[in-house]
Amino acid sequence: MNHNSGYKKQQRLALMQFLTEVPSFLIILLSAILSHTVLVFVDLLDSFGYLLRAAIVAILSKKLTKDLRYEYNYGIGKIEAISSLLCDGIIFFGLLLTLGMSGYSIIHPTQPSSLLIAVVGLKVINVISDTVFFIKQYKINKLHRSAISETNCAAALGALLFDSVTLVSLLVMWLLRSNLIGAYISPVISIFIAIYLMIGCIKRIKQALSELSDKTLPEKDQMKILNILVQFYTSYSQVCSVKSHKSGDSVQIDLHLAFEKDTSYEEIVKLNKQMQAEFDRQFDNCVINIIVCDDGSSR
């Protein structure tokens, strides 16, 4: 699947998710007001974050379907990283609120409302729709891997996990609504879910920040680059510098090399092709550039 087709599928799916979540959000809002249950309020925050994320992804995916080669010469990796960072930031903020509300509910427990059975019915519908959306998102991510699709695949899995656990928890809470234990089920389960999802958010945020800061490739990849340079050491006279970073799903490597004065342009082009073939065997989606330098300085 090419990038344009992948982003179009992502846009359609995000729009479908947004339109489906709007009535669910309104029903959960009403349920949260009437039931006074922390898990329902947590679900409300999750639904609100879901709406924002779906809207952002739909807007950005539409932009990314256009030909941006002349607008972004080095690719759209940073746009994807910013999108991923923004979406995960929304999720993370909602999860922080979840932890706060859950902690408060443990200190000040309240008996669950008998109205929870209505929310249970809604959660059944949510779990079914979450399953469908996760399968669709998984297929998109498998065929068109990008920072946006990976973040949304993780978010879709998180939504399915959260709604499934919420469904079971609300049902148990309703059955135990006359027992004191029922007051603690909601906040305790909410804390475990929030911590699990926050760990995933932190990992993706770190990866996005790494791309935005143009951090060089990790040491193991640097060693691969060094080994390839050693293989072709007879084709150049000196390595002035090596610059590398990850941009979206591609790896970009700039090799600043010095050559003997009698080295022709054709020989440098041939070397570039040979090294590109070797780098393709070592890295997925890698682009290398040979930059001619003299005494360690580029020209």
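Look up: the structure comes first, before these words.
J.: Just to check I follow, could you spell out a negative patch on the surface for this structure?
T.: Residues Glu-260, Asp-262, Glu-266 and Glu-267 make up a contiguous surface patch of negative charge. Relative to the helices and strands, Glu-260 is located in the loop between strand S2 (250-258) and helix H8 (265-282).

J.: I tried to follow the pattern of salt bridges on my own but got confused; where do I start?
T.: Opposite charge on two side chains allows them to pair when their charged atoms are near. What the rule picks out here adds up to 2 salt bridges. Asp-221 is the salt-bridge partner of Lys-224, the closest N and O atoms lying 4.0 Å from each other. Placement of both Lys-224 and Asp-221 in helix H7 (residues 219-231) is noted, with a separation of 3 residues, approximately one turn of the helix. When its relative accessible area of 13% is taken as the criterion, Asp-221 is described as buried.

J.: Teacher, can you tell me more about the state of the cysteines here?
T.: Throughout this description, disulfide means a covalent bond between two cysteine sulfur atoms. Within this structure, the stated rule accounts for 1 disulfide. With its sulfur 1.8 Å from that of its partner, Cys-240 forms a disulfide with Cys-293. Negative torsions about the S-S bond denote left-handed disulfides, and the value of about 80° found for Cys-240 with Cys-293 makes this one right-handed. On the criterion of sequence distance, the pair formed by Cys-240 in strand S1 (residues 238-247) and Cys-293 in strand S3 (residues 286-294) is long-range, its members being 53 residues apart.

J.: It is not clear to me how the packing of aromatic side chains should be interpreted in this structure. Could you clarify?
T.: The geometry of an aromatic ring pair comes down to the distance between the two centres and the angle between the two planes. Tallied over the full model, the rule gives 3 aromatic pairs. Centroid distance Phe-134 to Tyr-138: 6.2 Å. Interplanar angle 40°. Geometry classified as tilted. Of this pair, Phe-134 and Tyr-138 both sit in helix H4 (residues 116-143), 4 residues apart, which is roughly one turn of that helix. A residue is classified by how much of its surface remains accessible, and Tyr-138, at 44% relative accessible area, is partly exposed.

J.: Could you clarify how one ought to interpret the packing of H7 against H8 in this entry?
T.: Geometry of a packed helix pair, given as the angle between the helix axes and the separation of the axes. The interhelical angle for the contact between H7 and H8, taken along N-to-C directions, is 145°, at an axis separation of 11 Å. Crossing hand, H7 versus H8: right-handed. Seen from H7, the contacting residues are Lys-224, Ile-225, Ile-228, Leu-229 and Gln-231; seen from H8, they are Met-275, Glu-278, Phe-279 and Gln-282. Of the residues assigned to the contact of H7 with H8, the class counts are 5 nonpolar, 2 polar and 2 charged.

J.: Looking at this structure, how should I read H8?
T.: Two residues of an α-helix separated by three or four positions point the same way, owing to the 3.6 residues in each turn. Between its first and last C-alpha atoms H8 spans 26 Å; for 18 residues at 1.5 Å apiece the expected length is 26 Å, and the two agree. By the burial criterion, the buried members of H8 are Ile-268, Leu-271, Met-275, Gln-276, Glu-278 and Phe-279.

J.: What should I look at first to understand a nonpolar patch on the surface in this one?
T.: A cluster of nonpolar side chains, Ile-117, Val-168, Leu-171, Val-172, Leu-175, Leu-176 and Ile-181, forms an exposed patch at the surface whose accessible area comes to about 570 Å². Per-element tally for the nonpolar patch: the top contributor is helix H5 (residues 147-175), with 4 residues.

J.: Whenever I open this one, the side chain of Asp-130 confuses me. Can you help?
T.: In this fold, Asp-130 is placed in helix H4. Residue Asp-130 is classed as buried on the basis of its relative accessible area of 5%. Once you skip the residues sitting within four places of it in the chain, Asp-130 turns out to touch Ala-159, Leu-160 and Asp-163.

J.: Teacher, can you tell me more about the nonpolar core here?
T.: Across soluble globular proteins, you tend to see nonpolar side chains buried next to one another. In terms of nonpolar packing, the biggest core is built from 19 residues, with Ile-225, Ile-253, Leu-255, Met-275 and Phe-279 touching the most fellow members. Of all the secondary-structure elements, those providing two or more residues to this core are H7, S2, H8 and S3. Each residue touching Leu-255, except ones within four places of it in the same chain, is listed here: Ile-225, Leu-229, Ser-241, Val-242, Met-275, Phe-279, Ile-288, Asn-289, Ile-290 and Ile-291. If you look at the next biggest cluster of nonpolar residues, it comprises 15 residues, including Phe-25, Val-40, Leu-122 and Val-127.

Each value, and the rule that gives it
Residues numbered from 1 in each chain as written. Predicted model: local features only at pLDDT ≥ 70, side-chain atom pairs only at ≥ 80, totals over all residues. Heavy atoms only, no water. Patch = residues over 30% accessible without salt bridge, like charges linked within 9 Å, V, L, I, M, F, W, Y side chains within 5 Å. Areas by Shrake-Rupley, 256 points an atom, 1.4 Å probe, with all protein chains shown as cover. Salt bridge = Lys/Arg side-chain N within 4 Å of Asp/Glu carboxyl O. Lys, Arg positive; Asp, Glu negative; His and termini not counted. Charge placed at Lys NZ, Arg CZ, Asp CG, Glu CD. Helix = DSSP H or I, 4+ residues; strand = E, 2+ residues; numbered from the N terminus. Buried < 20%, exposed > 50% of the residue type's maximum accessible area, 1.4 Å probe, protein only. Disulfide = S-S within 2.5 Å. Phe/Tyr/Trp six-rings, centres within 6.5 Å; stacked < 30°, edge-to-face > 60°. Axes fitted to C-alpha atoms, helices over the stretch in contact; angles between N-to-C directions. Left-handed = near helix turned anticlockwise from the far one by under 90°. Contact = heavy atoms within 4.5 Å. Nonpolar A, V, L, I, M, F, W, Y, C, P; charged D, E, K, R; others polar. Expected span 1.5 Å × (residues − 1). Core = buried A, V, L, I, M, F, W, Y, C linked by side-chain atoms within 4.5 Å.

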